[in-house]
Amino acid sequence: MAMKQMEPTIVMIGGMSFYITPFPAFKAANISGELASVLAPLLGSLFPLVGAMKEDGKSVMDMDIDSIDADKAAEAVMNCPLISGDKLEALMRKLLLGGHIVAEITNDDGESEAQRLDMDLANELFCGEIQEMFVLCFHVIKLNFKGFFKKFAGLSGKQKPAAGAEEETKAEPKAKKQRTIL
């Protein structure tokens, strides 16, 4: 059996490679509540930028992040009154600084070396480029919470009918027919 926690996903952001390994299951469960409380208003403010969601059952995490205008996205996030900066920062620290991300950086000698992402390295890499930090968070979330975001599909207004709702409407004529017989 392959060890899922040991298999890194490689993403390129801002010309740098990041190697992301998945969270352990209980850490992901712990983060999921905080993630939902921060992302619900955030996704609500970003949906107009994404355009109409596809109706083929894909989640929000299937969108092409490169197709979103970063300046407009940052403006939408900053203008969302329901997002607490403190909560967002705490969540981003949990997502990025847990020791599960390795950045491939170029040292002073011009050689590539791998370094675990910690607070000092994150501050250096993302100084003046915080949109890249958000993109890295997106990839961490996408890796760890794949099915989680199907729950947020209702925010776009394209929510599917509840399971069984269709069955109820089919059952109504039968019930009326039975009442008239009785």
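Rules behind the numbers
- Residues numbered from 1 in each chain as written.
- Predicted model: local features only at pLDDT ≥ 70, side-chain atom pairs only at ≥ 80, totals over all residues.
- Heavy atoms only, no water.
- Helix = DSSP H or I, 4+ residues; strand = E, 2+ residues; numbered from the N terminus.
- Expected span 1.5 Å × (residues − 1).
- Buried < 20%, exposed > 50% of the residue type's maximum accessible area, 1.4 Å probe, protein only.
- Core = buried A, V, L, I, M, F, W, Y, C linked by side-chain atoms within 4.5 Å.
- Contact = heavy atoms within 4.5 Å.
- Salt bridge = Lys/Arg side-chain N within 4 Å of Asp/Glu carboxyl O.
- pLDDT = per-residue confidence, 0-100.
- Polar contact = N/O pair within 3.5 Å; in protein donor to acceptor, adjacent residues only side chain to side chain.

**Digging into helix α5 (residues 130–144)**
Reasoning step 1: Helix length check: α5, at 15 residues, gives a terminal C-alpha distance of 21 Å against a target of 21 Å (1.5 Å per residue), a fit within 8%.
Reasoning step 2: Residues Glu 132, Leu 136, Cys 137, Phe 138, His 139, Val 140, Ile 141, Leu 143 and Asn 144 constitute the buried set of α5.

**Some thoughts on the nonpolar core**
Reasoning step 1: Ranked by internal contacts, the top residues of the largest apolar core, which has 31 residues, are Phe 18, Leu 95, Leu 96, Ile 101, Leu 117, Leu 125 and Leu 136.
Reasoning step 2: Contributions of two or more residues to this core are made by β1 (9–13), β2 (16–20), α1 (25–50), α3 (85–96), β3 (101–106), α4 (119–126) and α5.
Reasoning step 3: Leave out the neighbours within four places in its chain, and Leu 117 touches Leu 96, Leu 97, Ile 101, Ala 122, Leu 125 and Leu 136.

**A word on the pattern of salt bridges**
Reasoning step 1: Across all of its chains, the model carries two salt bridges by this definition.
Reasoning step 2: Between Glu 34 and Lys 94 there is a salt bridge, and its shortest N-O distance comes to 2.6 Å. Placement of the pair is Glu 34 in helix α1 and Lys 94 in helix α3, with a sequence separation of 60 residues.
Reasoning step 3: By relative accessible area, which is 23% here, Glu 34 ends up partly exposed.

**As for the confidence of the model for the protein chain**
Reasoning step 1: In this model, the protein chain carries a mean pLDDT of 74, and residues with pLDDT of at least 70 account for 57%.
Reasoning step 2: Across the protein chain, element-level confidence peaks in α4 with a mean pLDDT of 96 and bottoms out in helix α6 (residues 165–181) with 45.
Reasoning step 3: Taken together, the stretch residues 52–56 has pLDDT below 50 and engages in seven contacts with residues farther than four places along the chain or on a different chain.
Reasoning step 4: Scored below 50 in pLDDT, residues 174–182 shows zero contacts in the model against residues more than four places distant or in partner chains.

**With respect to the side chain of His 100**
Reasoning step 1: By the element assignment, His 100 lies in the loop between α3 and β3.
Reasoning step 2: A residue is classified by how much of its surface remains accessible, and His 100, at 7% relative accessible area, is buried.
Reasoning step 3: A distance of 2.9 Å separates a polar atom in the side chain of His 100 from the backbone oxygen of Leu 95.
Reasoning step 4: What His 100 contacts, discounting residues up to four positions off in sequence, is Tyr 19, Ile 20, Thr 21, Phe 23, Lys 94, Leu 95, Arg 116 and Val 140.

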